[in-house]
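# Observations on the three-dimensional arrangement
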Amino acid sequence: MLKDIKDIIKENEDEKLVMLSNHRERFENRLQKQQPKKSKNYFFLKIAASILVLISLGYFLIGNNDIQTNVIEEKIDLAAISPELKQIENNYETAINYEMLGIEVTDDNKEILDSYLEKVSVLSDDYKVLSKKLITDDINENIVNALINNLQLRLQLLLELKDKLKEIKSNKTIQNEDNTI
């Protein structure tokens, strides 16, 4: 039943087929009617998506820039000015940390310890403020001296605290000896 199109053409070769003059136009019209409609143009959505990508990229770049500047600001200290000042700062900070480690907390010395550590904390906050001032302002000898004095005061407070704690401990041992006698 099914015949090959080549066979059909060979059989009808004798007959000359005449095409109508508007055959081509009719064929093109039918093709255009059968073609699916073009999808909508999403030009505006593409623009909106591009703008959204640019805004979010800018937000993340600006956000990361703030974080990076904060990290950089926290790292600038006396070492940025000169190696000698770096050495002085390191010596004081090492001594302060050493003294802090040597403090023994007991119920007897808790009040004194809290008051001295509060003063040391205030001095530490002042040191941070002075460090930021060193960053924002020009390098100033007064600020550098204030930073060094701050370190000296913290160390001096810790040494005083240590002496008071020794005094309290010795008074307590004397009281215990008197109580045992």
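Given the structure is predicted, the values throughout are model-derived calculations rather than measurements.

### Digging into the packing of aromatic side chains
- Summed over the entire model, instances satisfying the criterion amount to zero aromatic pairs.
- If you follow Lys 119 out to its NZ or CZ, it ends over the ring of Tyr 116, 5.2 Å from the centre.
- For the cation-ring pair, Arg 154 lies above Tyr 127, with the distance from its terminal atom to the ring centre recorded as 5.0 Å.

### Some thoughts on the pattern of salt bridges
- Under the defined criterion, the tally for this structure stands at three salt bridges.
- For Arg 24, the salt bridge goes to Glu 28, with nearest N and O atoms at 3.7 Å. One end of the pair is Arg 24 and the other is Glu 28, both in helix H2 (residues 23–34) and four residues apart, which spans about a single turn.
- The exposure class of Glu 28 is partly exposed, given its relative accessible area of 40%.
- With its nearest N and O atoms 3.9 Å apart, the salt bridge here joins Lys 110 to Asp 114. Of this pair, Lys 110 and Asp 114 both sit in helix H5 (residues 110–136), four residues apart, which is roughly one turn of the helix.
- A residue is classified by how much of its surface remains accessible, and Asp 114, at 40% relative accessible area, is partly exposed.

### Comments concerning the packing of H5 against helix H6 (residues 141–180)
- Packing of H5 against H6 brings their axes to within 9 Å, and their N-to-C directions diverge by 170°. If you check the angle between H5 and H6, you find them roughly antiparallel.
- In the contact of H5 with H6, the residues fall into 20 nonpolar, three polar and six charged.

### Considerations on the nonpolar core
- Formed by 21 residues in total, the largest nonpolar core has its most connected members in Ile 103, Leu 147, Leu 158 and Leu 161.
- For this core, the secondary-structure elements that each account for two or more residues are helix H4 (83–101), H5 and H6.
- Counting residues per element, this core draws most heavily on H6, at ten residues.
- Contacts of Leu 161, omitting those with residues within four sequence positions, involve Ile 103, Ile 112, Leu 113 and Tyr 116.

Basis of the calculations
Residues numbered from 1 in each chain as written. Predicted model: local features only at pLDDT ≥ 70, side-chain atom pairs only at ≥ 80, totals over all residues. Heavy atoms only, no water. Phe/Tyr/Trp six-rings, centres within 6.5 Å; stacked < 30°, edge-to-face > 60°. Lys NZ or Arg CZ within 6 Å of the ring centre and 35° of its normal. Salt bridge = Lys/Arg side-chain N within 4 Å of Asp/Glu carboxyl O. Helix = DSSP H or I, 4+ residues; strand = E, 2+ residues; numbered from the N terminus. Buried < 20%, exposed > 50% of the residue type's maximum accessible area, 1.4 Å probe, protein only. Axes fitted to C-alpha atoms, helices over the stretch in contact; angles between N-to-C directions. Parallel < 35°, antiparallel > 145°, perpendicular 65-115°, else oblique. Nonpolar A, V, L, I, M, F, W, Y, C, P; charged D, E, K, R; others polar. Core = buried A, V, L, I, M, F, W, Y, C linked by side-chain atoms within 4.5 Å. Contact = heavy atoms within 4.5 Å.

Remember that the coordinates give geometry; whether it matters functionally is a separate question.
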